[in-house]
Amino acid sequence: MRKYVIMGVQGSGKGTQSELLENDLDLVHISVGDIFRWHVQHHTKLGAQVRRTMNAGELVGDDLVEKVVRDRLDQHDWNFGFVIDGFPRNGRQAEFFMETYDLDGVIHLELPDDEVRRRVLSRRLCPGCGMDYNLIADRPKVEGRCDICGTELIVREDDTPEALAARLRDYHEKTRPVLELFRRKEVVHDVDARPAPEKVQQEIRRVLDLPEYQPASVMS
Ligand SMILES: [Zn+2]
């Protein structure tokens, strides 16, 4: 069984890398953000609590995150292991988590802040159909228009330079103690998140001693 934590700033490709790991290694990707989004969409009690917190402009509390992760792991549907993202959020949770689940490693995706800004600030959204675009990687065919429905693309409300700077500050502040603790136990693997996703995945597998990643184009 393989148990990993994946850490990285917004835009570092945590979701993509976790999916690539989960695909052929049968790991379960546990994303705290996805769990919260699910609860909000399905109007659960927890979802209402999360929505209230976010509407007040606050971050979901560490204790609530911890409870959600525990409940999720208690389902024991991860026979081959898991990759968890969005947890732990503080040193105490990291310590507890490491002891309880006997982690195999922490993947730390490293992306310089200026590259995060470049990636995040190039995101565009179609308010008509919800399609995401990126002016670097997924440009619309006609500038500023959705390929699917033709609606004019917009910038997400929280993708302003100021909001991003605040999120980056918050991320570094919260992450530092967790990373330090993991580093003391020597389980952290730093991976450069700047190359293309397939390259990053290959590097992750190399440092974790996992079977090599075969891009789909090579397999078919
Ligand atoms: Zn559209």
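Residues numbered from 1 in each chain as written. Predicted model: local features only at pLDDT ≥ 70, side-chain atom pairs only at ≥ 80, totals over all residues. Heavy atoms only, no water.

Caption draft 1: Representation of the overall build of the chain in the model. Counting its regular elements, the chain contains 9 helices and 7 strands. Here the chain has a C-alpha radius of gyration of 18 Å; the compact-globule value for 220 residues is 17 Å, and the two agree. Scored against the burial criterion, the 220 residues of the chain give a buried share of 41%. Expressed as a percentage of contacts within the chain between residues at least 6 apart in sequence, the contacts between residues at least 24 apart total 67%. By element, 49% of the accessible surface of the chain is carried by carbon and sulfur atoms, the whole surface being about 12,800 Å². Charge centroids of the chain, computed over 32 positive and 40 negative side chains, lie 3 Å from each other. (Helix = DSSP H or I, 4+ residues; strand = E, 2+ residues; numbered from the N terminus. Rg over C-alpha atoms; globule rule 2.2 N^0.38 Å. Buried < 20%, exposed > 50% of the residue type's maximum accessible area, 1.4 Å probe, protein only. Contact = heavy atoms within 4.5 Å. Areas by Shrake-Rupley, 256 points an atom, 1.4 Å probe, with all protein chains shown as cover. Lys, Arg positive; Asp, Glu negative; His and termini not counted. Charge placed at Lys NZ, Arg CZ, Asp CG, Glu CD.)

Caption draft 2: Spotlight on the pattern of salt bridges. Enumeration according to the criterion identifies 20 salt bridges in this entry. D71 is the partner of K67 in a salt bridge, and the nearest nitrogen-oxygen pair spans 2.7 Å. Of this pair, K67 and D71 both sit in helix 4 (residues 62–73), 4 residues apart, which is roughly one turn of that helix. If you follow the salt bridges from partner to partner, you end up with D63, E66, R70 and R92 in one network. (Salt bridge = Lys/Arg side-chain N within 4 Å of Asp/Glu carboxyl O.)

Caption draft 3: Just the packing of aromatic side chains, in detail. Under the defined criterion, the tally for this structure stands at 6 aromatic pairs. Between F82 and Y101, the ring centres sit 6.2 Å apart and the planes meet at 85 degrees, which makes this aromatic pair edge-to-face. Taken as a pair, F82 in strand 3 (residues 81–85) and Y101 in helix 5 (residues 91–101) lie far apart in primary sequence, 19 residues in all. Between the aromatic rings of F87 and F97, the centroid separation amounts to 5.2 Å while the plane-to-plane angle is 85 degrees, which identifies the pairing as edge-to-face. Linking F87 in the loop between strand 3 and helix 5 with F97 in helix 5, this pair joins segments that are 10 residues apart in sequence. (Phe/Tyr/Trp six-rings, centres within 6.5 Å; stacked < 30°, edge-to-face > 60°.)

Caption draft 4: Local environment of the coordination of the zinc ion. Ligation of the zinc ion by protein atoms is provided by C126 (SG), C129 (SG), C146 (SG) and C149 (SG), these donors lying 2.3 Å from the ion. Seen from the zinc ion, its 4 donor atoms lie at angles of 99 to 118 degrees, and the figure they make is tetrahedral. As a motif over one chain, the donors of the zinc ion read C-x2-C-x16-C-x2-C. Residue C129 is located in the loop between strand 5 (123–125) and strand 6 (132–134), and its partner C146 is located in the loop between strand 6 and helix 7 (161–184); the two are separated by 17 residues in the primary sequence. Since its relative accessible area comes to 5%, C146 is described here as buried. (Donors = N, O, S within 2.8 Å, 3.2 Å for Na, K, Ca; no water. Tetrahedral: all angles 85-135°; square planar, octahedral: opposite > 155°, others 65-115°.)

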